[in-house]
Amino acid sequence: MKLGIVGLPNVGKSTLFNSLTKAGAESANYPFCTIDPNVGVVAVPDERLDKLAALYHSAKVTPAVIEFVDIAGLVKGASKGEGLGNQFLANIREVDAIVHVVRCFEDTNIIHVEGSVDPLRDIETINLELIFSDLEILERRISKVVKLSHNDKTAAKELEMLKRLKEHLENGRLAKTFETEDDDEEAFFKEYNLLTAKPVIFAANVKDDDLADDGASNEYVAKVREFAKKEDSEAFVVCAQIEQEISELEDDEKEMFMEDLGIKSSGLDKLITASYSLLGLMSFLTAGETETRAWTIRKGTKAPQAAGKIHTDFERGFIKAEVINYQDLLDCGSTAAAREKGLVRMEGKDYIVQDGDVIVFRFNV
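Rules used throughout
- Residues numbered from 1 in each chain as written.
- Predicted model: local features only at pLDDT ≥ 70, side-chain atom pairs only at ≥ 80, totals over all residues.
- Heavy atoms only, no water.
- Pairing = 2+ DSSP bridges.
- Helix = DSSP H or I, 4+ residues; strand = E, 2+ residues; numbered from the N terminus.
- Contact = heavy atoms within 4.5 Å.
- Core = buried A, V, L, I, M, F, W, Y, C linked by side-chain atoms within 4.5 Å.
- Buried < 20%, exposed > 50% of the residue type's maximum accessible area, 1.4 Å probe, protein only.
- Axes fitted to C-alpha atoms, helices over the stretch in contact; angles between N-to-C directions.

> Just checking my understanding: could you explain the pairing of strand β10 (residues 318-325) for this structure?
Regular strands have side chains that alternate between both faces of the sheet. In this sheet, strand β12 (residues 357-363) lies alongside β10 in antiparallel orientation, the contact comprising seven bridges. Each residue of the ladder has a partner; that of Lys320, found in β12, is Arg362. Examined bridge by bridge, β10 and strand β11 (residues 345-347) share three bridges and lie antiparallel to one another. Each bridged residue has a counterpart across the sheet, and for Val323 the counterpart in β11 is Arg345.

> Even after reading the chapter, I still don't get the environment of Phe105, so can you show me in this structure?
With respect to the element layout, Phe105 can be found in the loop between β5 (97-103) and α3 (119-149). Considered as a pair, Phe105 and Val206 are 101 residues apart in the sequence and their alpha carbons are 5.1 Å apart. Apart from residues lying up to four places away in sequence, Phe105 is in contact with Val11, Ile110, Val117, Asn205, Val206, Lys207 and Tyr220.

> When you look at the nonpolar core in this model, what are you seeing that I'm missing?
One recurring pattern in soluble globular proteins is that nonpolar side chains are buried together. Ranked by internal contacts, the top residues of the largest apolar core, which has 67 residues, are Phe68, Phe202 and Leu271. Residue contributions to this core peak at six residues, all from helix α9 (residues 267-279). Residue contacts for Phe68: discarding those within four places in its chain leaves Leu3, Ile5, Phe17, Leu20, Thr21, Asn38, Val39, Gly40, Val42, Leu268 and Leu271.

> Help me out: how do you make sense of the sheet that holds strand β6 (residues 200-205) in this one?
Strand pairing in a sheet takes place through backbone hydrogen bonds and is either antiparallel or parallel in direction. The strand order across the open sheet built from six strands is β2-β4-β1-β5-β6-β7, with neighbouring strands paired in mixed fashion. Both edges of this open sheet fall to β2 (38-43) and β7 (234-238), since each of them pairs with a single strand only. Taken pair by pair, the neighbouring strands of this sheet meet at an average axis angle of 25°, ignoring direction. Here four bridges tie strand β1 (residues 2-6) to strand β4 (residues 65-70), and the two strands are oriented parallel to one another. If you follow Gly4 over to β4, its bridge partner there is Val69. Packed onto the sheet, helix α6 (residues 219-230) meets β5, β6 and β7 and runs at close to 160° relative to β7.

> Could you clarify how one ought to interpret unusual backbone geometry in this entry?
Excluding glycine, residues mostly have negative phi values, and the peptide bonds linking residues are mostly trans. If you check the backbone angles, His57 has positive phi at about 50° while not being a glycine. Within the element layout of this structure, His57 appears in the loop between α2 (47-56) and β3 (61-62). One non-glycine residue with positive phi stands out, namely Asn193, at about 55°. Within the fold, Asn193 resides in the loop between α5 (183-192) and β6. The partly exposed category is assigned to Asn193, whose relative accessible area is 24%.

Okay, structure coming up:
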């Protein structure tokens with residue numbers, strides 16, 4: 001899974017990125033200190049892996065990972081070349097979802113580029129820049145398709161849809177609210193990889209004293225949550241500064257520190273939960289002496305496609321999946337004991353994989 005982090009300058013975006021990935025992107029109290037997109041890879045915490053690894057005495061444990069791409073702070077007019085322009089937006093075209101960091105705290109020591117704190121105005125500014133960037137993509141596509149549309153029915157159909165989509169964006173609406181009329185249009189639409197078609201998770205960045213009640217008493221957070229709900233997006237509360245402090249602690253110190261602050265989950269945990277929920281993701285597991293590993297798939301994935309995540313040969317030559325629920329396996333203490341109790345099932349190609357399934361795939365190529 002790949003997530004792109006966006007936001008205005010000085011909203012805490014790079015501080016959050018640093019704490020999530022410990023990648024050390026430069027963070028300073030002025031715009032455009034993140035010149036190149038920073039990329040960091042983070043392991044998805046999953047306590048099931050360690051328990052399975054202990055059971056199988058695995059030599060290696062491989063968690064699922066999330067890749068974060070941190071984009072330089074966008075400002076109003078970025079798409080027209082203001083600030084550093086929108087060359088950075090190309091870097092998030094390939095992400096699965098966008099994490100939009102929104103400032104929800106007052107601090108006279110940290111300048112706000114617009115001179116005041118107003119999360120909804122900030123969201124609108126970023127959305128407009130993303131819309132302008134998408135319009136550029138569409139205009140380039142239109143000029144290409146126009147030439148083909150005179151002699152090609154498919155191109156003519158695409159052109160008609162492109163014009164509707166362009167008008168939709170010009171009216172200030174996001175691509176994800178655009179309705180395609182059939183499978184052909186859906187295929188065209190996916191090909192454009194538009195930024196405003198991507199799912200969004202809002203990270204409401206607050207001061208540490210707003211963390212204990214999860215931002216319930218912060219009026220800015222209330223506005224972000226309300227906006228996210230209307231947009232079918234996810235939102236979570238985070239304090240980038242505290243996240244940075246947490247990221248520098250050892251695991252046992254982290255727990256004590258979070259307990260003192262009255263925090264149940266770190267920002268990373270909240271973000272992972274929000275992104276898995278928004279994208280409809282889950283993990284199945286494989287375990288053995290060599291390796292115990294988590295594999296991320298979409299909910300509703302059938303066994304052969306899940307096998308294909310491991311290797312294309314597994315999907316191509318899929319015969320059966322030997323499946324046991326993670327908790328059943330732990331309770332029994334071994335696959336043999338679980339088999340004796342009839343808890344190990346042989347599933348065919350129509351089986352829909354469940355979160356926490358421990359699977360051995362049988363295949364023949």
